[in-house]
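So you can see what is in the structure, the chains are spelled out below.
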Amino acid sequence: DTAVSQTPKYLVTQMGNDKSIKCEQNLGHDTMYWYKQDSKKFLKIMFSYNNKELIINETVPNRFSPKSPDKAHLNLHINSLELGDSAVYFCASTLLGDRRETQYFGPGTRLLVL
Amino acid sequence: KNEVEQSPQNLTAQEGEFITINCSYSVGISALHWLQQHPGGGIVSLFMLSSGKKKHGRLIATINIQEKHSSLHITASHPRDSAVYICAVRSSETSGSRLTFGEGTQLTVNP
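Residues numbered from 1 in each chain as written. Chains lettered and ligands numbered in written order. Predicted model: local features only at pLDDT ≥ 70, side-chain atom pairs only at ≥ 80, totals over all residues. Heavy atoms only, no water.

Residue and element names in this part refer to chain B. By secondary structure assignment, the location of leucine 46 is in strand β5 (residues 43-49). For leucine 46, a relative accessible area of 18% puts it in the buried group. Along the backbone, leucine 46 and glutamine 6 are 40 residues apart, and their C-alpha atoms lie at a distance of 16 Å. Excluding residues that lie within four positions of it along the chain, leucine 46 makes contacts with Trp34, Leu35, Gln36, Leu59, Leu72 and Tyr85. (Helix = DSSP H or I, 4+ residues; strand = E, 2+ residues; numbered from the N terminus. Buried < 20%, exposed > 50% of the residue type's maximum accessible area, 1.4 Å probe, protein only. Contact = heavy atoms within 4.5 Å.)

Given below as structure tokens:
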């Protein structure tokens, strides 16, 4: 069984469109993250939710809106897509307070905005 | 300047060689992670360290908290070790268990 899954894996879309990426974890974790990996392979945190509450919100355009319907899901909605949004988006989860606090990553969603 | 610096950025080795990747950070941390990103893009957590040394198979990770430095060693390297290795720190100065990442080290092991 996949621990952290993301859909879709690939997303090609036009500038100006609105799109969503979904993330689900079946590990019983209470904290989930969205990371963006740019063309230079540099990972940067965007958002984090703990028990459905937003706990990290980096300097990300308002066009990006995360939504956590429950602890197992963290979705990312992007409005008015721009060329610079092209990147790989990774979801991850962890159990805060766990001694190891290992973060488990999803397979990534490769977004290409044309 | 990034809070987490890795060296080298690129590393090419011959199969069997001993490999070292270094990570230096400038903030107080509660933990340091080493991650591996496969050529296909998937990211796997290798180690989480808060002190000392950990070993898993041919991989060894060490951390020196006073010097704010960590190393990842690979013994008897193999072509399947080819990947990007990423150092990430969990800052003790911010909340939420966020990770700050280094830029990664691209390792290529030739047969």
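There is more to say, and it comes next.
This part covers empty space enclosed by the protein. Under the definition given, this model contains one cavity of 30 Å³ or more. Quantified by volume, the largest cavity comes out at close to 40 Å³. Looking at the lining of the largest cavity, its residues break down into three nonpolar, four polar and four charged. (1 Å grid on protein atoms, 1.4 Å probe; cavity = no way out; pocket = protein on both sides within 12 Å on 5 of 7 lines; lining within 4 Å. Points joined across faces, edges and corners; volume = space filled by probe spheres on them. Nonpolar A, V, L, I, M, F, W, Y, C, P; charged D, E, K, R; others polar.)

In this section: the sheet that holds strand β7 (residues 64-70) of chain A. All names here are of chain A. Reading across from one edge, β1-β3-β8-β7 is the order of the four strands in this open sheet, with antiparallel pairing throughout. Of all the strands in the sheet, just β1 (4-7) and β7 have a single pairing partner and so form its edges. Averaged over all adjacent pairs, the angle separating strand axes in this sheet is 20 degrees, with direction ignored. Where β1 and strand β3 (residues 19-25) come together, four bridges link them in antiparallel fashion. Residue pairing across strands places glutamine 6 opposite cysteine 23, the latter belonging to β3. (Pairing = 2+ DSSP bridges. Axes fitted to C-alpha atoms, helices over the stretch in contact; angles between N-to-C directions.)

We now examine the confidence of the model for chain A. Summary statistics for chain A give a mean pLDDT of 90 and a share of 95% for residues scoring 70 or more. Least confident of the elements in chain A is strand β6 (residues 53-57) of chain A, whose mean pLDDT is 81; most confident is β3 of chain A, at 97. (pLDDT = per-residue confidence, 0-100.)

With that settled, the discussion passes to the interface of chain B and chain A. Bring the parts together and some accessible area is lost; that lost area is often taken as the interface size. Listed as interface residues are 19 residues of chain B and, on the opposing side, 20 residues of chain A. Taken over both partners, the interface formed by chain B and chain A buries close to 1,700 Å², and the fraction arising from carbon and sulfur atoms is 57%. Of all residues in chain B, the largest losses of buried area upon contact with chain A belong to Ile43, Arg98 and Phe101 of chain B, amounting jointly to 32% of the total for that side. There are zero salt bridges connecting chain B and chain A. At the junction of chain B with chain A, the criterion picks out one residue pair in polar contact (both at pLDDT 80 or more). Listing elements by their share of the side of chain B that touches chain A, those giving two or more residues are β4 (29-37), β5, β9 (83-91) and β10 (99-101) of chain B. Considering only residue class, the side of chain B that touches chain A consists of six nonpolar, 10 polar and three charged. (Buried area = accessible area lost by both parts, 1.4 Å probe. Salt bridge = Lys/Arg side-chain N within 4 Å of Asp/Glu carboxyl O. Polar contact = N/O pair within 3.5 Å; in protein donor to acceptor, adjacent residues only side chain to side chain.)

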